[in-house]
Amino acid sequence: MSNSHHPKPRTPTVAQLRAFLAVVEHRHFRDAATAVGLSQPALSGAVAALEETLGSQLVERTTRKVIITPLGERVAGHARRMLASLHDLTAEVEAARRPFTGPLHLGVIPTVAPYLLPAVLRLVRRSYPELDLHVHEERTPSLLEGLAAGRLDLLLLALPAGGAAPTRDIPLFDEDFVLITPPDHELAGRTDVPRDVLLDLDVLLLEEGHCLRDQALDICREVGADPAGGSTRAAGLSTLVQLVAGGLGVTLLPATALDVEAGRADRLASVHFADPAPGRRIGLATRPGSARSDEYERFAASLREVLRELPVRIVT
């Protein structure tokens, strides 16, 4: 068995290729050396090293001018493409390091999306035009699975996010729940009702899987109430509001949803609780140790500014 083996082909270095391309471009060693910021001996050495690496002559050195061999011209074509690819690679990494560029997959819960997204999208268009934002509206369990699996980058939801995998929560604001009733209800228009009024009311809830349903249930349980609507459940807040307008009961809405959902119905009235009103905290959730953590903190700070116009208490 022969133990002779071929020497491994050596790979040209980026510095060698740059030096050689400068010679091809200028056809003059001194000018080429000046162009790439090398001394003339260093440039000549780099070209000689490239020829040795490839085992072929690329340049004919005559007294008056530099001639590139036919193989040298072909090598120059490869070198240009390689250096262009290398430039693309470093540009892409730089873009990824530059905050607010490239794709961002934002998950949003349905009881937040219609009310906060207009402000979020305005902020992104105005302040982060190079951000390629993708919005996914899903319920909390699905969002948390998506975040853990890497399908989603950032969540906008009620905090604490919970879920099996740990999250890093960044609070944005607190908001109150408002009771929505028909206009002829005895509580209609009041601004100081205690929570325990819920004991005597038929509170309509969203269907399973909405965190707002769980929050409403918690509020009812705190006062010992048993929410109604066992058979009446809505997939979204708009439907809940329609059920209230139709006289089937009352419901709890987040303050941010009030204008959109109750503002367009003359068959509804709002009732505000006495302090401390029941409510929820809304914020962002990310994976702990995400490479974009600093970016998300800055995004949260910008979001807090644009959300000040809503009926919320900003968390700083």
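Predicted, not measured: the structure shown is a model, and the values here were computed from it.

A. Molecular detail of the environment of Phe100. Along the polypeptide, Phe100 turns up in the loop between helix 4 (70–97) and strand 3 (102–108). Taking the C-alpha atoms as reference points, Phe100 and Tyr296, 196 residues apart in sequence, are found 9.2 Å from one another. The residues contacting Phe100, other than those within four sequence positions of it, are Tyr128, Glu130, Leu131, Glu295, Arg298 and Phe299.

B. Local environment of the state of the cysteines. Counting across every chain of the model gives zero disulfides. Looking at Cys211, it has no disulfide partner, and the nearest cysteine sulfur is the one in Cys220, 15 Å off.

C. Structural context of helix 7 (residues 211–222). End to end, helix 7 covers 17 Å across 12 residues, agreeing with the expected 16 Å (1.5 Å per residue, within 8%). Among all positions of helix 7, only Cys211, Leu212, Arg213, Gln215, Ala216, Leu217, Ile219 and Cys220 are buried. Once helix 7 finishes, Gly224 follows within two positions and takes phi at roughly 80°, a positive value.

D. Main features of the pairing of strand 6 (residues 168–181). Here strand 6 lies mainly inside the structure; 10 of its 14 residues are buried. The pairing of strand 6 with strand 11 (residues 279–286) spans eight bridges and is classified as antiparallel. Note that in strand 11 the partner of Asp174 across the bridge is Arg281. Bridge count for strand 6 against strand 12 (residues 313–314) is two bridges, and the pairing is antiparallel. By the bridge assignment, Phe173 is partnered in strand 12 with Ile314.

E. A look at the packing of helix 1 (residues 14–26) against helix 2 (residues 29–36). As a packed pair, helix 1 and helix 2 sit with axes 8 Å apart at the nearest point and diverge in direction by 130°. With respect to their mutual orientation, helix 1 and helix 2 come out oblique. You can see that helix 1 and helix 2 cross each other, and the crossing is right-handed. In this structure, helix 1 uses Arg18, Ala22, Val23 and His26 to contact helix 2, whose residues at the interface are Phe29, Asp31, Ala32, Ala35 and Val36. A class-by-class count of the residues in the contact of helix 1 with helix 2 yields six nonpolar, one polar and two charged.

F. Structural view of the pattern of salt bridges. The tally for this structure, following the rule as stated, stands at 15 salt bridges. Asp174 serves as the salt-bridge partner of Arg281, at 2.8 Å between the closest nitrogen and oxygen. Highlighted residues: Arg281 in strand 11 and Asp174 in strand 6, separated in sequence by 107 residues. Among the salt bridges present, the one from Asp192 reaches Arg190, with a minimum N-O distance of 3.5 Å. On the accessibility criterion, Arg190 (37% relative accessible area) is partly exposed.

G. Seen up close, the confidence of the model for the protein. Within the protein, residue pLDDT values average 88, and 93% of them lie at 70 or more. Here strand 8 (residues 233–234) is the element of the protein with the lowest mean pLDDT, 79, and strand 12 is the one with the highest, 96.

H. Spatial organisation of unusual backbone geometry. Between Leu159 and Pro160 the backbone carries a cis peptide bond, its omega angle lying at 0°. Omega for the peptide link from Asp275 to Pro276 comes to -5°, which places this bond in the cis form. Phi angles above zero are rare outside glycine, and Arg27 is one such case at about 50°. Here Arg27 is to be found in the loop between helix 1 and helix 2. Judged by relative accessible area, Arg27 falls into the partly exposed class, the value being 35%.

Thresholds, definitions, all that
- Residues numbered from 1 in each chain as written.
- Predicted model: local features only at pLDDT ≥ 70, side-chain atom pairs only at ≥ 80, totals over all residues.
- Heavy atoms only, no water.
- Helix = DSSP H or I, 4+ residues; strand = E, 2+ residues; numbered from the N terminus.
- Contact = heavy atoms within 4.5 Å.
- Disulfide = S-S within 2.5 Å.
- Expected span 1.5 Å × (residues − 1).
- Buried < 20%, exposed > 50% of the residue type's maximum accessible area, 1.4 Å probe, protein only.
- Pairing = 2+ DSSP bridges.
- Axes fitted to C-alpha atoms, helices over the stretch in contact; angles between N-to-C directions.
- Parallel < 35°, antiparallel > 145°, perpendicular 65-115°, else oblique.
- Left-handed = near helix turned anticlockwise from the far one by under 90°.
- Nonpolar A, V, L, I, M, F, W, Y, C, P; charged D, E, K, R; others polar.
- Salt bridge = Lys/Arg side-chain N within 4 Å of Asp/Glu carboxyl O.
- pLDDT = per-residue confidence, 0-100.

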